Every structure is written in structure tokens, then in C-alpha cells.
Amino acid sequence: QFELKKTELENQLLEKDKELKDARLTEFEQQEVLQKTIMVSVLLLSVVFLLFAWRQYRLKRKFSVLANTDYLTGVANRRKIMDLAELQWQELSKTDSRFSLISFDLDHFKRINDEYGHPVGDLVLKRVVILAQQAIRNIDCLGRIGGEEFLVVLNNTNQTEATEIAYRIKSAIEKETIDCENGQTAKVTVSLGITQKSSQTDTFKDLLKQADKALYSAKTKGRNRVEVYE
């Protein structure tokens, strides 16, 4: 009877020990599942955060491009080209580096809008920009500063080189026949004014005024010509 009691107690202890082992195994499996769940959750949160950050970056970049780009022609708008020119001026103002501007606009552009309509006028502006971009160099920057007025910023460029570029722009545009709607065609010309940085030029605004004066001179002398500020 004692042996039976002993065997029964041993069996109960073995049963309890088995239950404890099963409980530990279940707890370990639950902890493992919890750890995996936490890892997956962290990974998903990281992916969501990266996607959100990338979307914000793209939106910021898109808005930056829109804020600095002319909506019609795709070149730099007035604020962008002026900021760029001003920055280059400040960098070069204390050195002897060459710096020139070309200011140009379309001749009798109002007549084009009146005769063909504003959609054709927009088409003409786009085509003129393409031709001007092909005529300038990769290091130059073209911007639209008004309705039909544009500015070319020429870094490390003297007056002679700027004049050559201006004549390339003029020649490319005057030779072009622009296809319009309904089989119509239009031809346009531009007037251009050139100036370069000198010891007598104190500020970028002064340089810009000089380019405008040269452009005005080209207009008063018959248009479709290049004038250099003297």
C-alpha cells in the first residue's frame, strides 16, 4: 500500500512537471509570436514613415518647381531669374570675373495676339523660348521676366561673347516660321539689349537698367536688332 501511494505521488509529480513544461513552452511560443508581431509592426511603421517622407519631399520639390518656373514656357520665372542673377552678381562683385546680361522681347507681340488670338500668342512664346534655349549655352540661364520679355544671364562672359549669343538668338527667331492652328503661320522678330559688368556698375539693379536701356535703344532704332549699352 505504501508503494502504491509512492507510485501515485510520483505520477502526480511527473504530471505536474509536464504541465509546468507545457506552460513554459506555451509562454515561450507566445513571447516569440509577440516579438514577431512587434518586429512586423515596427517594420510596417518604418515603411509608412518612409513613404510619407518621400511623398512630402516630392510635394515640396513640386511646389518649389512651380514657384520658380514660368507656367507657360517652362523656363525660370521672374523671381527665379532675378534671384539667380542677383546671387551671381554678389559672388562676382568682389572679383574681376566677367558677367553679362541680354534683355530681349518680341517685336509687335500685341499685333500677334490681336491678329491670331491669345492661344497662338502662347504658342509663339513657347517656340521663341525653345529657339532661344537652343541658341544659348548650357551654362547660361534664360528666364521670362514679363509678358513677352526675357532675360539671359551670362556668367563668365564678356561683351563680345554676349553679342555673339544675342545675334544667334535673333537669327534663329527671325528665320523661324511658326505653325499655328488651322494651317496658319506666323513670323516674329526680337529686339535685344546687352550690357556687361564694369567698374562703374555698383549694383545688379544698375546692370539690369543698362540692359533695359540697350533694349529700348534697339526698339527705337527699328526693332529686330541688337544694341549694346555704351
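Residues numbered from 1 in each chain as written. Predicted model: local features only at pLDDT ≥ 70, side-chain atom pairs only at ≥ 80, totals over all residues. Heavy atoms only, no water.

### Here's the deal with the side chain of Asn-77
Secondary-structure assignment places Asn-77 in the loop between α1 (2–68) and α2 (78–92). The class for Asn-77 is buried, based on a relative accessible area of 14%. In terms of polar contacts, Asn-77 uses its side chain to reach the backbone amide nitrogen of Lys-80, at 2.9 Å. (Helix = DSSP H or I, 4+ residues; strand = E, 2+ residues; numbered from the N terminus. Buried < 20%, exposed > 50% of the residue type's maximum accessible area, 1.4 Å probe, protein only. Polar contact = N/O pair within 3.5 Å; in protein donor to acceptor, adjacent residues only side chain to side chain.)

### Quick word on unusual backbone geometry
The backbone of Asn-156 sits at a positive phi, close to 55°, despite the residue not being glycine. One can find Asn-156 in the loop between β3 (149–155) and α5 (159–175). Classification of Asn-156 as partly exposed rests on a relative accessible area of 45%. The backbone of Arg-223 sits at a positive phi, close to 70°, despite the residue not being glycine. Relative to the helices and strands, Arg-223 is located in the loop between α6 (204–220) and β7 (226–228).

### Observations regarding the nonpolar core
Counting residues in hydrophobic clusters, the biggest one holds 33 residues, and the most contacted among them are Ile-102, Phe-104, Val-124, Leu-142 and Ile-169. Among the secondary structure elements, those contributing two or more residues to this core are β1 (99–106), α3 (109–116), α4 (118–135), β3, α5 and β6 (190–196). A total of eight residues in this core trace back to one element, the largest contributor, which is α4. With near-sequence residues (within four places) excluded, Val-124 lies in contact with Leu-106, Phe-109, Ile-112, Ile-178 and Val-188. Core analysis: the next-biggest nonpolar cluster, separate from the first, contains 15 residues, Met-82, Ala-85, Trp-89 and Leu-92 among them. (Core = buried A, V, L, I, M, F, W, Y, C linked by side-chain atoms within 4.5 Å. Contact = heavy atoms within 4.5 Å.)

### Structural notes on the pairing of β3
Counting buried residues along β3, five of its seven residues qualify, which places the element largely inside the surrounding structure. Of the pairings in the sheet, the one linking β1 to β3 comprises seven bridges and is antiparallel in character. The partner of Ile-102 across the bridge, within β3, is Val-152. Taken together, the four bridges between strand β2 (residues 141–144) and β3 define a ladder with antiparallel strand orientation. In the strand pairing of β3, Arg-144 is matched with Phe-150. (Pairing = 2+ DSSP bridges.)

### Remarks on the packing of α3 against α4
With their axes 7 Å apart at the nearest point, α3 and α4 run at an angle of 135° to one another. The pairing of α3 with α4 is recorded here as oblique in orientation. Residue-level contacts link Phe-109, Ile-112, Asn-113 and Tyr-116 of α3 to His-118, Val-120, Gly-121, Val-124 and Leu-125 of α4. Of the residues assigned to the contact of α3 with α4, the class counts are six nonpolar, three polar and no charged. (Axes fitted to C-alpha atoms, helices over the stretch in contact; angles between N-to-C directions. Parallel < 35°, antiparallel > 145°, perpendicular 65-115°, else oblique. Nonpolar A, V, L, I, M, F, W, Y, C, P; charged D, E, K, R; others polar.)

### What about the packing of α4 against α5?
Taken N-terminus to C-terminus, the directions of α4 and α5 make an angle of 140°; their axes are 9 Å apart at the nearest point. As judged from the angle between their axes, α4 and α5 are oblique. Pair α4 / α5 crosses with right-handed handedness. In this structure, α4 contributes Val-128, Leu-131, Ala-132 and Ala-135 to the contact, and α5 contributes Ile-165, Arg-168, Ile-169, Ala-172 and Ile-173. (Left-handed = near helix turned anticlockwise from the far one by under 90°.)

Geometry only, nothing functional implied.
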